[in-house]
Amino acid sequence: MRTQVGIIGGGPSGLLLARLLGLAGIDSVVLERRTPEYLRARIRAGLLEQGTVDLLDEIGVGARLNRDKLVHDGVELVFDGKRHRIDLKALSGKSVTIYGQSEIQSDLMNAHEAAGTPILYEVDNVSLHGLTGEAAQLRYTRRGESHQLACDFIAGCDGFHGASREAIPKDVLRVYEKVYPFGWLGILSETPPVNHELIYTNHERGFALCTMRSLTRSRHYLQVSAEEDAAHWSDDRFWSELKLRLPPDVAAALVTGPSIEKSVAPLRSFVAEPMRYGRLFLAGDAAHIVPPTGAKGLNLAAADVRFLAEALVAHYKTGSAALLDGYSAKCLARIWKAQRFSWWMTSLTHRFPEASPFERRAQAAELAYITGSKAGQTTLAENYVGLPFE
Ligand code: FAD
Ligand code: DHB
């Protein structure tokens, strides 16, 4: 088999790229390890920047999004038990959108099914070859048989634990990493959101976040130790702990109910540079991970893919390699700003077990400064809604 672009990974990055390429008349084949059912059920991100919403609209998968989305003009920060609203719209001119990643995954899969994009599920043992040669090749097994796919380029969209980043030689790849001493325990429940906008809480018992997927479905997160096992958290224990961390009026308004998903996610900042090695281009979580506090993971993946698709289209339509050559640097400029913001939001809102009394007082002062100053609120707002594309 041969194709123009071989895409490893059928998550948001891989499917967005395949869609953008397909609309431009460029062939691709997507190799995905999991089943379609698994992908549609996977619960992850929920908050979209306007640029991500625009991209989904542009590629014709925005119908359900535009019908079901919740648009938020503000966000709340809580510390010392008091609520402070940041008016994102007034400060930055932009809003943010709530729409679940699992819905985006389904919308993209439905569009690809209708367009007949070749997406091969349940593929194993993917390996990358010929990255610096005349042509690249992907080898994989499926249903017990070995296959080969010849391609002009390979897009590594296979997430943090994928095979593509590993194919870049160790003496070429530079890795920057920060691991946090805590994780997020998240639950999803069929309960109405406690507030019409998100609430990020810094409490002495740890961070908490009240978010949502719809007007009838809530998502809540608690800071827990990095080694915490979700099995040790009954629903009652989760709701009781959440109430302890929320201001009394919010705790009193909280509607609880059985969880339909419960899991612990570790928090990590990670960047791999460069994002290109010969015919291989990395995009999304394959190249970078942010702690979820700034809600940037999915939005960064969408920005990478927008740039990569533009570069590949320019190559095929005009023969120019300029955008492909500039891909890594262009993505990394945006990624590092989002990394900085995600690290900063995490530092501002979480309780660090090793923090000295001085650091705790400095954190409290920073929260008071950010919420009390228009300049402070603006810096949070313009990063949270998504920096402009350059
Ligand atoms: P992925 O979604 O990881 O997709 C990669 C795909 O590649 C997967 O489908 C995988 O099965 C496939 N794959 C992997 N290896 C191989 C292989 N060797 N061969 C073939 N296929 C392979 N972001 C936020 O903004 N807010 C959140 O609340 C949030 N919560 C998250 C919770 C969890 C548990 C995780 C893991 C991530 C979360 N994120 C969140 C981050 C966000 O979901 C990711 O940034 C986004 O999924 C990135 O998309 P991607 O397509 O690059 O990678
Ligand atoms: C969600 C997750 C986040 O990490 C965040 O900062 C905002 C929203 C969510 O799951 O809805």
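Criteria and cut-off values
- Residues numbered from 1 in each chain as written.
- Chains lettered and ligands numbered in written order.
- Predicted model: local features only at pLDDT ≥ 70, side-chain atom pairs only at ≥ 80, totals over all residues.
- Heavy atoms only, no water.
- Near = heavy atom within 4 Å.
- Polar contact = N/O pair within 3.5 Å; in protein donor to acceptor, adjacent residues only side chain to side chain.
- Areas by Shrake-Rupley, 256 points an atom, 1.4 Å probe, with all protein chains shown as cover.
- Helix = DSSP H or I, 4+ residues; strand = E, 2+ residues; numbered from the N terminus.
- Nonpolar A, V, L, I, M, F, W, Y, C, P; charged D, E, K, R; others polar.
- Buried < 20%, exposed > 50% of the residue type's maximum accessible area, 1.4 Å probe, protein only.
- Pairing = 2+ DSSP bridges.
- 1 Å grid on protein atoms, 1.4 Å probe; cavity = no way out; pocket = protein on both sides within 12 Å on 5 of 7 lines; lining within 4 Å.
- Points joined across faces, edges and corners; volume = space filled by probe spheres on them.
- Disulfide = S-S within 2.5 Å.
- Core = buried A, V, L, I, M, F, W, Y, C linked by side-chain atoms within 4.5 Å.
- Contact = heavy atoms within 4.5 Å.
- Phe/Tyr/Trp six-rings, centres within 6.5 Å; stacked < 30°, edge-to-face > 60°.

What should I look at first to understand the site of ligand 1 in this one?
Near ligand 1 you find 27 residues, and of these S13, E32, R44, Q101 and D285 are the closest. For ligand 1, a nitrogen atom lies 3.5 Å from a polar atom in the backbone of D158. G297 places a main-chain nitrogen or oxygen 3.3 Å from an oxygen atom of ligand 1. The protein chains hide 85% of the 990 Å² of surface that ligand 1 would expose on its own. When residues of the shell around ligand 1 are traced back to their parent elements, those giving at least two are α1 (12–23) and α9 (297–318). Its residues assigned to classes, the shell around ligand 1 shows 11 nonpolar, 8 polar and 8 charged.

I would appreciate a short explanation of the pairing of strand β14 (residues 208–212) in the present structure.
Of all 5 residues that make up β14, 5 are buried, and the element is covered over most of its length. Both faces of β14 are covered, namely the face carrying A208, C210 and M212 and the face carrying L209 and T211. Note that strand β13 (residues 199–202) and β14 share 3 bridges and pair antiparallel. Its bridge partner lying in β14, I199 is registered against C210. Hairpin connection from β13 to β14: 5 residues lie between these consecutive antiparallel strands, with G206 at a positive phi of about 130 degrees. One ladder, built from 5 bridges, connects β14 with strand β15 (residues 218–225); its direction is antiparallel. Paired with L209 across the bridge in β15 is Y221. Hairpin connection between β14 and β15: a loop of 5 residues separates the two successive antiparallel strands.

Explanation requested: the sheet that holds strand β4 (residues 70–72) in the structure shown.
Strands pair in a sheet through their backbones, by hydrogen bonds, and they do so in one of two ways: parallel or antiparallel. Strand order in the open sheet formed by 3 strands is β3-β7-β4, with antiparallel pairing between adjacent strands. In this open sheet, the two strands that pair with only one neighbour each are β3 (47–48) and β4.

I would appreciate a short explanation of helix α12 (residues 374–384) in the present structure.
The complete set of buried residues in α12 reads G376, Q377, L380, A381, N383 and Y384. Where α12 begins, the side chain of S373 points an oxygen toward the backbone nitrogen of A375, at a separation of 3.1 Å.

Any chance you could explain the layout of surface pockets here in plain terms?
It is a probe the size of a water molecule, rolled over the atoms, that shows where empty space is left. One number sums up the size of the second largest pocket: a volume of about 380 Å³. Lining the second largest pocket are 19 residues; nearest its centre among them are S347, F352, A355, E359 and Q363. Those elements giving two or more residues to the lining of the second largest pocket turn out to be β12 (174–189), α10 (322–349) and α11 (357–372). Per element, the largest residue contribution to the lining of the second largest pocket is 5 residues, and it comes from α11. Grouping the amino acids of the lining of the second largest pocket by side-chain chemistry returns 10 nonpolar, 3 polar and 6 charged.

What exactly am I supposed to notice about the pairing of β12 here?
A regular strand carries its side chains on alternate faces of the sheet. The pairing of β12 with strand β16 (residues 259–273) spans 13 bridges and is classified as antiparallel. Looking at β16, one finds that W184 is bridged to A265. Relative to β15, β12 is paired through 8 bridges, and the arrangement is antiparallel. Bridge assignment links G183 to a residue of β15, and that residue is V224.

So what exactly am I meant to see when it comes to the state of the cysteines here?
One covalent bond between the sulfur atoms of two cysteine residues makes up a disulfide. A full pass over the atoms with the stated rule returns 0 disulfides. Here C157 is not disulfide-linked; the sulfur of C331 is the nearest cysteine sulfur, at 11 Å.

Before we go on, may I ask you to explain the site of ligand 2 in this structure?
Around ligand 2, the neighbouring residues are G46, L47, W184, L198, Y200, L209, T211, R213, Y221, P292, T293 and A295. At 2.7 Å from an oxygen atom of ligand 2 is found a side-chain nitrogen or oxygen belonging to Y200. In this structure, Y221 approaches ligand 2 through a side-chain N or O atom, which is 2.8 Å from an oxygen atom. Look at ligand 2: alone it shows 290 Å² of surface, and the protein chains cover 96% of it.

Explain the nonpolar core here, please?
Soluble globular proteins tend to pack their nonpolar side chains together in the buried interior. Core analysis: the largest hydrophobic core is formed by 71 residues, its most contacted members being I7, L17, L138 and I154. For this core, the element with the highest residue contribution is α9, accounting for 9 residues. Not counting the four nearest positions on each side in its chain, I7 is found in contact with G14, L17, A18, L21, S28, V29, V30, L31, A155 and C157. One finds L47, L77, F182 and L367 within the second-largest nonpolar core, a separate group that totals 33 residues.

How should the packing of aromatic side chains be read in this particular structure?
Any two aromatic rings considered together are summarised by their centre-to-centre distance and by the angle between their planes. For the structure on display, the rule yields 14 aromatic pairs. Taking 6.0 Å as the distance between ring centres and 85 degrees as the angle between the ring planes, the aromatic pair formed by Y200 and Y384 counts as edge-to-face. Taken together, the positions of Y200 in strand β13 and Y384 in helix α12 put the pair 184 residues apart, joining distant regions of the chain. Considered together, Y200 and Y384 belong to a single accessibility category, that of buried residues.

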